[in-house]
Amino acid sequence: MDSSKPYIRVENLKKYFSTKRGMLHAVDDVSFEIKRGETLGLVGESGCGKSTLGRCLIRLLDSTSGNVLLQNKDGEGCTDVTKVSAREMKELRKRVQIVFQDPYSCLNPRLSVWELIAEPLIVNSVYRDKAAMRRRIRELMDTVGLAERLENSYPHELDGGRRQRIGIARSLALNPEFIVLDEPVSALDVCIQAQILNLLNSLQKEFNYTYVFISHNLSVVRHVSDRIAVMYLGQIVELSEYKELFTNPLHPYTQALLSAIPLAKLDVQRERIILEGDVPSPIEPPDACRFAGRCRYAQEVCRHGTPPLTEQSPGHFTACHFAGKLEG
Ligand code: SF4
């Protein structure tokens, strides 16, 4: 694997859905790269297109146009995930996986923990030898911290954290390289959230997984991400290394999101930016800054043409006509 090349390169990716009122632009011309072993946080309000983007990256959804170039296993060349055949996708599915938000709704309630973890191994005919499969299931349960005594339990008998551990074990079963984590802790209690985040971090350190971590919660994303992409209405409006994003947010939308995070120090004050106005419809959106209707800095130029995502300083990209010229 060549670490100097991007592991994933997303080029002008679009995903539109046809509706009675017109085309819904769920993901609209998104481009970025991810390095091998990196975690890219994808954050934004619900409905901004982050989960649709995550699904397009691993071809759970077919994209409307654009490319998702995934570095080949030998590091030589790339495979365009958006173009592979169904047969090639079956092979590729072993390399790219997803963990969903609600572990309960995505686990078959009639299957035991053992059967749930065995399922991807059986579907992909990984083992002929039952003893080898048994060893692999035990190993996976151990990796995600599920006690052996739980192997005959059913999802309804377990708490949310343990159910999510089953979801993670299933996604790891085929030795993937790239995992989309779609709000993996949103449905969990705070203390269980911390356990799952720690588990994901330690698995990444051990196996060098590449993650896309999707969340509506910036403070959760901050704890796991190397870089963060902020999405608004189908587009990336800011992308940077996580510390830079938190200390020097350039886009007014990112500034508003950050202002809503409670500060740990009681004696430190921060202006809370209240966003007014409605989120515009994603159906046939106008060619303009999509944040203009809610932005306190909006000017006439913002209503004509979409500001491109531009590099303002090394590695820090923003889509705003006035980036760097606004007070934070
Ligand atoms: Fe606000 Fe204009 Fe920047 Fe859009 S381009 S975020 S409307 S200042």
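What counts and how
Residues numbered from 1 in each chain as written. Predicted model: local features only at pLDDT ≥ 70, side-chain atom pairs only at ≥ 80, totals over all residues. Heavy atoms only, no water. Pairing = 2+ DSSP bridges. Helix = DSSP H or I, 4+ residues; strand = E, 2+ residues; numbered from the N terminus. Axes fitted to C-alpha atoms, helices over the stretch in contact; angles between N-to-C directions. Contact = heavy atoms within 4.5 Å. Expected span 1.5 Å × (residues − 1). Buried < 20%, exposed > 50% of the residue type's maximum accessible area, 1.4 Å probe, protein only. Phe/Tyr/Trp six-rings, centres within 6.5 Å; stacked < 30°, edge-to-face > 60°. Lys NZ or Arg CZ within 6 Å of the ring centre and 35° of its normal. Arc of directions from axis to C-beta. Core = buried A, V, L, I, M, F, W, Y, C linked by side-chain atoms within 4.5 Å. Domains from an automatic or database assignment. Salt bridge = Lys/Arg side-chain N within 4 Å of Asp/Glu carboxyl O.

**Concerning the sheet that holds strand 11 (residues 310-313)**
In spatial order, the strands read 6-7-8-3-9-10-12-11; together these eight strands make up an open sheet with mixed pairing. A strand with exactly one partner marks an edge of an open sheet, and here the two such strands are strand 6 (96-99) and strand 11. Ignoring which end each strand starts from, the neighbouring axes of this sheet average 20 degrees apart. Taken strand by strand, helix 1 (residues 50-57) contacts strand 3 (39-43), strand 6, strand 7 (178-182), strand 8 (210-215) and strand 9 (227-232), and its axis lies near 155 degrees from that of strand 8. In the packing of helix 5 (residues 160-172) onto the sheet, contacts are made with strand 6 and strand 7, and the angle to strand 6 comes to roughly 175 degrees.

**Details of helix 4 (residues 130-143)**
Over its 14 residues, helix 4 extends 20 Å from the first C-alpha to the last, a length consistent with the 20 Å expected when each residue adds 1.5 Å. Looking only at helix 4, the buried set comprises Ala132, Met133, Arg136, Ile137, Leu140 and Met141. Where the residues of helix 4 are buried, they touch helix 3 (113-123) and helix 5. Gly145 sits one or two residues past helix 4 and shows a positive phi near 80 degrees.

**A look at the pairing of strand 1 (residues 8-19)**
Each regular strand shows side chains that alternate between the opposite faces of the sheet. Where strand 1 meets strand 4 (residues 65-71), five bridges bridge the pair, whose relative direction is antiparallel. The residue of strand 4 that forms the bridge with Arg9 is Leu69. The pairing of strand 1 with strand 2 (residues 22-34) spans 10 bridges and is antiparallel. Along strand 2, the bridge assignment pairs Leu13 with Val30.

**Considerations on the packing of aromatic side chains**
Under the definition given, this model contains five aromatic pairs. Ring geometry for Tyr232 against Phe291: centres 5.1 Å apart, planes inclined by 85 degrees, an arrangement best described as edge-to-face. Separated by 59 residues along the polypeptide, Tyr232 in strand 9 and Phe291 in the loop between helix 9 (252-259) and strand 11 bring together distant segments of the chain. Here Phe291 falls in the buried class, since its relative accessible area comes to 2%. Lying over the aromatic face of Tyr7, Arg36 brings its terminal NZ or CZ to 5.2 Å of the ring centre.

**What about helix 6 (residues 190-207)?**
Here helix 6 spans 26 Å end to end across 18 residues, near enough to the 26 Å set by a 1.5 Å rise per residue. Buried residues of helix 6: Ile192, Gln193, Ile196, Leu197, Leu199, Leu200, Leu203 and Gln204, and no others. Angularly, the buried residues of helix 6 cover 155 degrees about the axis, an arc narrow enough to put them on a single face. Among the exposed residues of helix 6, those oriented more than 90 degrees off its buried face are Val190, Cys191, Asn198, Lys205 and Glu206. Looking one or two residues beyond helix 6, the residue adopting positive phi is Asn208, at roughly 55 degrees.

**A closer look at the nonpolar core**
By size, the foremost hydrophobic cluster in this structure holds 61 residues, and its most contacted members are Ile117 and Ile168. Taken domain by domain, the makeup of this core includes at least three residues from each of domain 1 (108-164) and domain 2 (236-318). Residues contacting Ile168, with those up to four places away along its chain left out, are Val99, Val144, Ile196, Leu199, Leu200 and Leu203.

**A closer look at the domain arrangement of the protein**
Under the domain assignment, the protein is made up of domain 1 (108-164) and domain 2 (236-318). For domain 1 and domain 2, the distance between their C-alpha centroids amounts to 43 Å.

**Structural notes on the pattern of salt bridges**
In the structure shown here, the tally under the stated rule is 16 salt bridges. Glu183 is the salt-bridge partner of Lys50, the closest N and O atoms lying 3.9 Å from each other. You can see Lys50 sitting in helix 1 and its partner Glu183 sitting in the loop between strand 7 and helix 6, a full 133 residues away along the chain. Just as Lys50 is buried, Glu183 falls in that class too. Among the ionic pairs, Arg59 bridges to Asp62, the shortest N-O distance being 2.5 Å.

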